[in-house]
Each structure stands twice: as C-alpha cells, then as structure tokens.
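# Overview (structure and organization)
Residues per chain are reported as follows:
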Amino acid sequence: MIIERVHFHGFGRFQQKTISFQPGLNVIQASNESGKSTLLQGIFALLYGGAQEGKRVRREADWYSSFRPWMSELYGGEIDYSIDQIAYRLIRNLLKGREQEQLLNRLTGEELQQNYLFDQRKERKIIESQIGLSGELFRRTAYITSYSSSGLLTSKQEKRWQLKLAEKLNSLIDQGEEVELTSVLKYLEDQLNELGKTEHAKQKPFGVLKERERSLREQLHKEKELQTEYLQARVDLQHLLIEQGQLEQEYQILSEQHQRLSISLQCKADWYRLDKIHAALEEWEVSNQQQIDLQDQIQRLEENKIALEPPFRMQVEDIEECNSLHYQDQTFEKRIALMEEQIQMETETINHRSNMWIPTYPFLTIIGIVLTIGSTFFSSMWGLIFGSLTGLIWAVPALFLTFQLKNQEQSKKWSIQSNQKLLEQYKEEQETCKERLNWWKKRVGTNDVDVIRDWWHQTQVVEKVEWELEQLLRNQPVRKKGEGKYLQQKWGDGKREFVSRYQGAFCQISDKQIDNDSLILSRETVHKSMQLNSMQVGGKKKSAQELEFQLERIQQLHIEWEQIKEQLEKVEDEREAISIAKEALQEAYQSRQGNVAPILQQISSTWIKTVTNKRYDSLYANFSGEGLSARIPETGRKEKIDQLSTGTLMQMVFAMKMSIVQYISDESKQRLPILLDDCFVYYDKERLASILPLLGELSKTHQILLCTCHTREIEQLKEMEQPFYKISLIS
C-alpha cells in the first residue's frame, strides 16, 4: 500500500492543505508544534474514520475533538493511495452527524464504496477489507510514536518507564501485539460479575432470569384447573344457547300473531292517513277555485285602476297648497291695489297743504308793514305795543297753524314711506306665490285648482281600488308550489299501495279472533325470559372469554417460559464460555506457547542484532514466570530485560514492532505503510546510526513516513547516501 497524496479540507491546523508523498522513505522534518503529529493523525483519520472501534454504539474517537477545526465547519479531506497497482481516492467527512465516505477509482472515476457492506454500526470497513487490518491493530503496529514525552526523567520515573517498556516488550513477544493480559482477565471477570456469578444475585441478568423462570413455572401449575373451568363454562353456555333458541322460536310465533293483529290496526291508521290526504286534496281544490276567482277580481280592479289613474296623483296637502297660493295671490293683489291708492291719496293731501302755506308769507309781511306805518302816528311806545299786540293777534295763530300743518305733513310722509315698504313686501310675497304657482304648472302642467281637485278625487278613487287590491292579495291563500300535483300523486300512490298491501288482510284477521291484551302479555313474558337468558349467555360468554384469555396468557407464559429457558441457557453458556476463556487465558499465559511468538522471535533476531550493534541477538521467554531475557551472543548469557537501559529497551520495542510489521506483511501479502512520529527523539547518535540503515532497507518494500524535529536524521541519511524524499509542511 502506497500513500501518494493527502488533502485536508479541515483537520487541526491544516485548512485546504495538500501534501504529496513518494514510495520509499519520506522524511518530514519540522520544528515542534508545526503539525507533524497532526499530519500522521490526519492520515490515520482519513483511512479509518473518526469513530471508536469495538463499540456497539457509535462514539467519537479519543482524538476527535482535539483535531476538529475551530474556525471552519469543514472537518475531513481526501487521501490518494494505491493497492496492487490500483489507484484509489478515499474522501471522508468527519463532522458528527454528517459522516460520509466516498471511494473512487482514480483512473476510471467509478464509485466503489457500494462494494463494501455496512457493519452493525452502519459503517463501511473499506481499509479494513483492503489491507486486512483494523484501525487499532494498524495503530499498534505500523503507527509508532515516541515512547516518552516527558524529557529528562528522574531516577524513579526512569525505573517506572523501564518497567513499562519491559511490559510492552513482554506483551509483544507473547501475543504479537500490545495486549496486556491482566486487563483482558479483568474484563472477563467484570463480564462474569455483570452476568451474575450465582442465581442469588437478584439484580444481575442471571439472577433475574432464574427468578422469572421460577415464577413462570409456578404460574403454569394452574393451567389444568383453568382448562376444567373453561370446559364447564362452554357446556353451560351451550345449554343456555339451546334455551335461547327455544325462547326465540316461541317469541317468533307470538310476534307473527301480533304482526297479523298489527296489520289490522295499521290498516285503520293508513286509511285515516289516506283520508286526511283526500281531505287535504279537496281543500286544495276549493282553495284553488277561490284563487282563480280572486285572480279575476284582482284583474278587474287593476283594469279599473289603470282607467281611473290621474295624470298625477294629488294629496289633500297639494290641494290645500294650491288653494292657499291662489288665495294669497288674490289677497296680495287686492292689498297692493289698496296700498297704491292710499299712497296716492296721501301724496295728494300733502301737496294741497303745501299750496295753502304759500300765501301766508305775504299776508304776514303786509301786517308788519301796516304795524310799522301805524307806529308813526302813535307814540313809539303805543305803536310798539299796538304793533306787538297786532302782530301777536295775527301772527301767533298763523304760526301755530303753520307748525301743526308741518307736523301733519311730516306724519303723512312717514306713513307714505311705511306704506311704500309694505307695498314692496306685498309685491315680493306675491312674486313668491307666482313663482310657486309657476313651479306647480311646470310640475303637473297646470296650477288650476279645479283641475287639481279633479285629480285629487281620481287619486282617492285609485287609492281605494289599491286598498281593495291589497286586501284581496292579503287574503289570498298561500299555496306551495306543486302542492296540488303532490297531493294528487300522493293520493293516487296511497290508494294503490293501500290496495296492494291490505288486499285479503281483513279476511285473515276475521278468521282468527285473538285477544290483543293476552297476546301482548304473553309476548312481554317471553321477551323478559329472553332478556334474562341473554344476560346469562352474556355472563357465560364473558366468563368463557376471561378463561380463554387466561388460557391464552398461559400459552404466552409457556412461550415466555421457553424463551426465558433459552435466554437462561444462553446466559449459562456465556458464563461457562467466559469461565472457560478465563481459564484458557490463564493457562495460555502460564504456558507461553503459541504460533506467533516463535515466528516473531526468529524475525526479530535480525532486527535486535542490528539495532543493538550485535550486543544482543535475541529475546527468550522464561516459562517459569521470571519474564523475558536478552541473550548476549559473545558469552551466551541471558540478561533480564528489566536490567537493560531505557535506550536499549526502546530499541528492542522498535525492533519487535518492525518484526510484527514484517510478519503481517508477509502473511497478508500486503506491504503496510509505516508511520513514525518522532520515535527516535531520545536516541543518541550511535543508536540512530544503527536504525537508519534498517529503515533504508525496509523502505525498499514498505513506504515509510518519518516525522522528526531534528535535522540529524537527514544529515546521517545524506552521509550514508541513503535515498529519501524530503517533505516540507510550510506552504
């Protein structure tokens, strides 16, 4: 299997990042926190997906949330690889709830994922089917990380780390992979405890099943009693059903007699109903004739109404208004003439009095001259007195008369002015009357009171005719549409039905004289007996149904009992299998025998010689329980692995893992790619120099992706002239 290219849509720090690889040794050299581990973890995720293996319910892997991008919804990518010279492209979406995988043939573009079936978790095992390795086995063999991440260790930490490495090495030589047998034994013990060691464990499945099986067995003992009771109930029910049939037969005979008697009563009732229909039909015919006569009267009245209809209908108010307008017009005409005559007379009177005033002034002048001349003949005093008296005697009455005439003249003028205003008012009101009379003439063509009075008389006659029409229409009987036809049809159908239904019935009734009261009493007695019998039958049926239900439940309990026994057998078999597996594992652990360990030991010898510079040549298992020992080829002495240095133990663990990769590749005929993540970070220069040639040789058959934070690997590879392909993570 050769990985050719990966493209991350989103994984950890990588966003839309593409990295290409070559067959052989690929060295990814970069500083810490630059994405080397993210790259290898991303390759593993694109190959195997983001779910945990070995779980019945789908759960995210431990690394899932650590590498999910924060700033993007894209989580996944695509990986190009080739197996047996076939080029594939595997595309994965790792986002929870949107998981999706697509496998393409890069040469043809054909989709191939449908060729791989779903497992019980609805996941396609694509890579597992292609290379024959699960994700966990691939991680434990071909995906190798640094064995320590703590830097410099204290003496106690160093000792604990040595023991841990020794345990890993011991597990590798025994099982061929990193499996701690104690955890497996503990898991089996937990499974056994979960099932229940004894039947007294009431809360465990084994105890629950035992208790349920005992309870069902006790309930099944009642089955015979229920069957006897059920059979007796069926016999009683049969007797009641026979009695019910006899009662129904007797009731049927009485019902037929009652029916024949009922026919007579029904015949009378139907005849009464038919007679009512005939009476309604006769009533409708009378009403129909009245309606015809009424229509003739209505037609004559409408003709009279049309003949008497005036050009315009007049009301009392119209006549009163016309009379009033004519009367007002005549009255105003007289008032205007009288007022004009009065004004003329007053005007002439004023002019005459003015002419009478004109001669008064010369007369007074003459008197003044006479008095003046007379005063010359008399003494001035007497003349003055005489003149004054004479003037007073003649002038004062004249002046008083003149003043009185002036006042009368002024009053006359005021009276004339008032009369003139009143005259104008009369003329205006007369004009209003004339306009209203003209409006009447325009409206009805005339304002003649006699004509309007004639129209009013005609209106009175027409309204009387209309009132008579209204009374006739109001008194007109309301009839439904088609009522007569309906009554005639119903009467005809009723007669035919009556004749066909009751033809010969009267002869049958007269043949048998039956007492209706005794018949009804007998029928009610039988009916009550039937009701009582029906209640008894219902009770027996209910009882039989309950017993039948209980028997069905017993049958279900039988089925459940059989199922419980099967489950119990399965649980017992499972308990026995767990116990046997536990014993077998303990036995296998003690025997340390198997098919894998000897082969791995043979393959690992070459690796151990090379990585330890021939200081050790092989590992041996001491079956007395003392653990593994490393053989020194020069002396043949065996040294316990817990006495070896940490660096030597790390070399041997690496050698064992490479041996496992080589063994799996040889067995499966599939060359696995090897992912190395800073696994040489704590190697010194000599140990690294012993490992790199082996990697170079292994890279001829396997693709190796080596991630390192140092440059010494590249420098030594160049010194050894070992071919490799350098990859940079800086875009």
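Notes on the structure follow. Predicted, not measured: the structure shown is a model, and the values here were computed from it. (Residues numbered from 1 in each chain as written. Predicted model: local features only at pLDDT ≥ 70, side-chain atom pairs only at ≥ 80, totals over all residues. Heavy atoms only, no water.)

### Concerning the sheet that holds strand β1 (residues 2–10)
The strand order across the open sheet formed by five strands is β2-β1-β4-β5-β6, and the pairing between neighbours is antiparallel. Among the strands making up the open sheet, the edge pair consists of β2 (17–20) and β6 (100–105). Between one strand axis and the next, the sheet turns through 15° on average, direction left out of account. Pairing analysis gives six bridges linking strand β5 (residues 86–93) to β6, with the strands arranged antiparallel. Across the sheet, residue R92 finds its bridge partner in β6, namely E101. Helix-sheet contacts for helix α1 (residues 36–48) involve β1, β2, β4 (76–83) and β5, and the interaxial angle to β1 is about 95°. (Pairing = 2+ DSSP bridges. Helix = DSSP H or I, 4+ residues; strand = E, 2+ residues; numbered from the N terminus. Axes fitted to C-alpha atoms, helices over the stretch in contact; angles between N-to-C directions. Contact = heavy atoms within 4.5 Å.)

### Quick word on the nonpolar core
Counting residues in each nonpolar core, the largest one holds 84 residues, and the members touching the most others are F21, L39, I43, Y81, F654, L676 and F680. If you tally residues by element for this core, the top one is helix α16 (residues 646–668), at eleven residues. Setting aside residues no more than four positions away along its own chain, L676 makes contact with L40, I144, F654, L695, I704, L705, L706 and C707. (Core = buried A, V, L, I, M, F, W, Y, C linked by side-chain atoms within 4.5 Å. Buried < 20%, exposed > 50% of the residue type's maximum accessible area, 1.4 Å probe, protein only.)

### Observations regarding the layout of surface pockets
Looking at the largest pocket, its volume works out to about 670 Å³. Surrounding the largest pocket, 32 residues form its lining, Y48, G49, G50, A51 and Q52 being those nearest its centre. For the lining of the largest pocket, the secondary structure elements donating two or more residues are α1, β5, β6 and α3 (135–141). Grouping the constituent residues of the lining of the largest pocket by class yields seven nonpolar, seven polar and 18 charged. (1 Å grid on protein atoms, 1.4 Å probe; cavity = no way out; pocket = protein on both sides within 12 Å on 5 of 7 lines; lining within 4 Å. Points joined across faces, edges and corners; volume = space filled by probe spheres on them. Nonpolar A, V, L, I, M, F, W, Y, C, P; charged D, E, K, R; others polar.)

### Some remarks on the packing of aromatic side chains
Counted according to the given criterion, the structure contains 15 aromatic pairs. With 6.1 Å between their ring centres and 40° between their planes, F44 and Y143 make a pair best called tilted. In this pair, F44 sits in helix α1 while Y143 sits in strand β7 (residues 143–145), placing the two residues 99 residues apart along the sequence. Among the residues examined, F44 registers a relative accessible area of 6% and is labelled buried. Sitting over the ring of F44, R139 keeps its end group 4.3 Å from the ring centre. Directly above the aromatic system of W439 lies the positively charged group of R436, at a separation of 4.1 Å from the ring centroid. (Phe/Tyr/Trp six-rings, centres within 6.5 Å; stacked < 30°, edge-to-face > 60°. Lys NZ or Arg CZ within 6 Å of the ring centre and 35° of its normal.)

### A look at helix α17 (residues 685–698)
Between its first and last C-alpha atoms α17 spans 20 Å; for 14 residues at 1.5 Å apiece the expected length is 20 Å, and the two agree. Taken together, the buried positions of α17 are L688, S690, I691, L692, L694, L695, G696 and L698. (Expected span 1.5 Å × (residues − 1).)

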